[in-house]
Amino acid sequence: MTALGLDLRRVYGAYPTGVAVVAGLVGGRPAGIAASSFVPVSLDPPLVSVCVAHTSTTWPRLRERRSIGISVLGAHQEHVGRRLGARDGDRFAGVEWRATDDGSVLVEGASAWFDCVVEQQVRSGDHDIVVFRVEDLDAAHDVPPLVFHASTFRSLR
């Protein structure tokens, strides 16, 4: 990585973000990625987005699913964020999840969840910006979110 790339990573880390899991059933098993780039986009139509690295080996398997779940992790779910951020192994080992009838995978105990379909994917630098149309959603307002800041997980408490 270049010196500018290292500086970018350090300075981007000054901005706190939530941690989301983007997941669906692939071959009857859950597959997913952790994303700190989850962003609400539009109320009408209901749209959200995440950025996915071109190096992801999971996203190509998820992208063609009819339905994809996005779970905003709660502060008590740091272990889930670490698990889903891993590059190898069973990312869902020890993670409580449920699948919708359409194949979205949602993490149990999350502070919010969205059941989505891919609306658009735009190539941008070394990532793709993926825009999802929200089909269903809910939130547990008593569950504070997990936050990623300065390259570590944090809580708002």
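Structure report, in brief.

Observations regarding a nonpolar patch on the surface
Next, step 1: A cluster of nonpolar side chains, contributed by Leu4, Leu8 and Tyr12, occupies part of the molecular surface with about 340 Å² of accessible area.
Next, step 2: Here Tyr12 lies in helix 1 (residues 3–12).
Next, step 3: Under the relative-accessibility criterion, Tyr12 is labelled exposed at 58%.

Topic: the environment of Ile70
Next, step 1: Residue placement: Ile70 occurs in strand 6 (residues 68–72).
Next, step 2: Spatially, the C-alpha atom of Ile70 lies 12 Å from that of Arg98, the residues being 28 residues apart in sequence.
Next, step 3: Residues within four places of Ile70 in sequence aside, it is in contact with Ala20, Val21, Val22, Phe38, Val48, Leu106, Ala112, Trp113, Phe114, Cys116 and Phe132.

Notes on the sheet that holds strand 3 (residues 29–35)
Next, step 1: Strands sit in the order 3-2-6-9-10-5-4 across an open sheet of seven strands; the sheet is antiparallel. With one partner strand each, in any of the chains shown, strand 3 and strand 4 (39–42) form the two edges of the open sheet. When the angles between neighbouring strand axes are averaged without regard to direction, this sheet yields 40 degrees.
Next, step 2: Seen against the sheet, helix 3 (residues 78–85) touches strand 2 (20–26) and strand 3 and runs at an angle of roughly 100 degrees to strand 3.

Details of the side chain of Asp128
Next, step 1: Within the element layout of this structure, Asp128 appears in strand 10 (residues 127–139).
Next, step 2: Of the side chains bearing the opposite charge, Arg123 lies closest to the buried Asp128, which forms no salt bridge; the N-O distance is 4.4 Å.
Next, step 3: At 2.7 Å, the side chain of Asp128 and the side chain of Gln121 are in polar contact.
Next, step 4: Beyond its immediate sequence surroundings of up to four residues, Asp128 is in contact with Val50, Cys51, Val52, His54, Gln121, Val122 and Arg123.

A word on unusual backbone geometry
Next, step 1: Put simply, Asp44 and Pro45 share a cis peptide bond, and its omega is 5 degrees.
Next, step 2: The topology assignment puts Pro45 in the loop between strand 4 and strand 5 (47–53).

What about the packing of aromatic side chains?
Next, step 1: Taken as a whole, this structure holds three aromatic pairs when the rule is applied.
Next, step 2: Note on Trp59 and Phe132: the rings are 6.2 Å apart at their centroids and 80 degrees apart in plane angle, and the pair reads as edge-to-face. With Trp59 in helix 2 (residues 59–62) and Phe132 in strand 10, this residue pair connects regions lying 73 residues apart in the sequence.
Next, step 3: Across the ring face of Trp113, the terminal group of Arg98 is positioned such that the distance to the ring centre comes to 5.1 Å.

Some words on the pattern of salt bridges
Next, step 1: Tallied over the full model, the rule gives seven salt bridges.
Next, step 2: Between Arg63 and Glu64 there is a salt bridge, and its shortest N-O distance comes to 3.7 Å.
Next, step 3: When the shortest N-O distance is used, the salt bridge between Glu108 and Arg98 registers 3.7 Å. Separated by 10 residues along the polypeptide, Glu108 in the loop between strand 8 (105–107) and strand 9 (112–124) and Arg98 in strand 7 (residues 97–99) bring together distant segments of the chain.
Next, step 4: Residue classification places Glu108 among the partly exposed residues on the basis of a relative accessible area of 36%.

Criteria and cut-off values
- Residues numbered from 1 in each chain as written.
- Predicted model: local features only at pLDDT ≥ 70, side-chain atom pairs only at ≥ 80, totals over all residues.
- Heavy atoms only, no water.
- Patch = residues over 30% accessible without salt bridge, like charges linked within 9 Å, V, L, I, M, F, W, Y side chains within 5 Å.
- Areas by Shrake-Rupley, 256 points an atom, 1.4 Å probe, with all protein chains shown as cover.
- Salt bridge = Lys/Arg side-chain N within 4 Å of Asp/Glu carboxyl O.
- Helix = DSSP H or I, 4+ residues; strand = E, 2+ residues; numbered from the N terminus.
- Buried < 20%, exposed > 50% of the residue type's maximum accessible area, 1.4 Å probe, protein only.
- Contact = heavy atoms within 4.5 Å.
- Pairing = 2+ DSSP bridges.
- Axes fitted to C-alpha atoms, helices over the stretch in contact; angles between N-to-C directions.
- Lys, Arg positive; Asp, Glu negative; His and termini not counted.
- Polar contact = N/O pair within 3.5 Å; in protein donor to acceptor, adjacent residues only side chain to side chain.
- Phe/Tyr/Trp six-rings, centres within 6.5 Å; stacked < 30°, edge-to-face > 60°.
- Lys NZ or Arg CZ within 6 Å of the ring centre and 35° of its normal.

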